[in-house]
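Here is how the chains run, residue by residue.
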Amino acid sequence: MLGLMAKKVGMTQVFDETGNLVPVTVVRIEPNVVVAQKTEEKDGYKAVLLGIDDVKQNRVSKPYAGQFPEGVSPKRTIREFRDFEKEVSPGDKLGAEVFDGIRYVDVTGVSKGKGFQGVVKRYGHKGGRKTHGSKFHREPGSTGQNTYPHRTFKNKKMPGRMGRERVTTLSLKVEKVDMEKQLVLIRGAVPGVNKGLVVVRAAVKR
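Reading guide: rules and limits
- Residues numbered from 1 in each chain as written.
- Predicted model: local features only at pLDDT ≥ 70, side-chain atom pairs only at ≥ 80, totals over all residues.
- Heavy atoms only, no water.
- Helix = DSSP H or I, 4+ residues; strand = E, 2+ residues; numbered from the N terminus.
- Rg over C-alpha atoms; globule rule 2.2 N^0.38 Å.
- Contact = heavy atoms within 4.5 Å.
- Lys, Arg positive; Asp, Glu negative; His and termini not counted.
- Charge placed at Lys NZ, Arg CZ, Asp CG, Glu CD.
- Pairing = 2+ DSSP bridges.
- Axes fitted to C-alpha atoms, helices over the stretch in contact; angles between N-to-C directions.
- Buried < 20%, exposed > 50% of the residue type's maximum accessible area, 1.4 Å probe, protein only.
- Patch = residues over 30% accessible without salt bridge, like charges linked within 9 Å, V, L, I, M, F, W, Y side chains within 5 Å.
- Areas by Shrake-Rupley, 256 points an atom, 1.4 Å probe, with all protein chains shown as cover.
- Salt bridge = Lys/Arg side-chain N within 4 Å of Asp/Glu carboxyl O.
- Phe/Tyr/Trp six-rings, centres within 6.5 Å; stacked < 30°, edge-to-face > 60°.
- Lys NZ or Arg CZ within 6 Å of the ring centre and 35° of its normal.

(A) Local environment of the overall build of the protein. When helices and strands are tallied, the protein shows 3 helices and 12 strands. Taking 17 Å as the expected radius of gyration for a compact globule of 206 residues, we find that the protein reaches 23 Å, considerably beyond that expectation. Projected onto its principal axes, the C-alpha coordinates of the protein cover approximately 70 × 50 × 35 Å. A fraction of 67% describes how many contacts in the protein between residues 6 or more apart in sequence connect residues 24 or more apart. Counting 40 positive and 22 negative side-chain charges, the protein places the centres of these two groups 15 Å from one another.

What follows is the structure in structure tokens.
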């Protein structure tokens, strides 16, 4: 599976090959450095460890810095990609060229946080009447039973914190890959805030 870590830049719009104006999310591919490789003989499975964002040597502990090979500075973020479909070795830097020829991708990120929300916004509940005299508008309503057991069951849809969850959007079309600026233009919306970290990988269902 081919994939890289990237930073979400924002959204814009471009013309596709048929002349239609389409909304796209711009993702900038930071240099993904190969930190280590895992093999079936030693670890039981094949994987590649990639890291981005340099960290000063004096800001990390010795055990953390010890996992990076000689010549590779410590990275702030490390992620494992299993069954990486590209021959690499520790110290290699990967960029947007990985997605050259790939038409669809899956993007994983942390969604925007929306704070504490009620059931109407959080789960799309209809709520009560909005006419005069009604005292039930956006409340969750009954959550338990009048008889035994006198309690609320687990997983009941109730008010609470909304957003800031790990989200994966599947099968997004790649409109353009800019090798010079290390940008990937993905059709549609991508989870997360601007400048947030996302993982872009080749689509598993395409």
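Back to the write-up after that little detour.
(B) Quick look at the sheet that holds strand β11 (residues 183-187). On the basis of which strands lie adjacent, the closed barrel formed by 6 strands has the order β1-β2-β11-β10-β7-β12 and antiparallel pairing. Strand-to-strand twist across the sheet, computed as the mean angle between neighbouring axes with direction ignored, equals 50°. Across 8 bridges, strand β1 (residues 3-15) lies against strand β2 (residues 21-28) in antiparallel orientation. Within the sheet, the bridge partner assigned to Lys 7 lies in β2 and is Arg 28.

(C) Examining the environment of Thr 131 more closely. In this fold, Thr 131 is placed in the loop between α3 (119-123) and β9 (160-163). On the basis of relative accessible area, Thr 131 is assigned to the partly exposed category, the value being 45%. Distance from Thr 131 to Leu 4, taken between C-alpha atoms, is 53 Å for residues 127 residues apart in sequence.

(D) Fine view of a negative patch on the surface. Together, Glu 40, Glu 41, Asp 83 and Glu 85 give the surface a local cluster of negative charge. Here Asp 83 shows up in the loop between β5 (75-82) and β6 (93-94). Judged by its relative accessible area of 52%, Asp 83 falls in the exposed class.

(E) Examining the environment of Gly 3 more closely. Considering the arrangement of structural elements, one finds Gly 3 in strand β1. Relative accessible area serves as the criterion here: at 0%, Gly 3 is assigned to the buried category. Linking Gly 3 and Tyr 148, residues 145 residues apart in sequence, is a C-alpha distance of 52 Å.

(F) Spatial organisation of the packing of aromatic side chains. Under the definition given, this model contains 2 aromatic pairs. Between the aromatic rings of Tyr 64 and Phe 68, the centroid separation amounts to 5.5 Å while the plane-to-plane angle is 65°, which identifies the pairing as edge-to-face. Phe 68 gets classed as buried once you look at its relative accessible area, which sits at 9%. In this structure, Arg 79 is placed above the aromatic ring of Phe 81, and the distance from its NZ or CZ to the ring centre is 5.9 Å.

(G) Here's a closer look at the pairing of β11. Burial of β11 is extensive: 4 of the 5 residues sit out of reach of the surface. Relative to β11, β2 is paired through 5 bridges, and the arrangement is antiparallel. Across the sheet, residue Val 24 finds its bridge partner in β11, namely Arg 187. In this sheet, β11 lies alongside strand β10 (residues 166-178) in antiparallel orientation, the contact comprising 4 bridges. Along β11, the bridge assignment pairs Val 174 with Ile 186. Taking the residues that link successive antiparallel strands as the turn, the β10-β11 hairpin has 4 residues, and the phi of Gln 182 there is positive, at about 60°.

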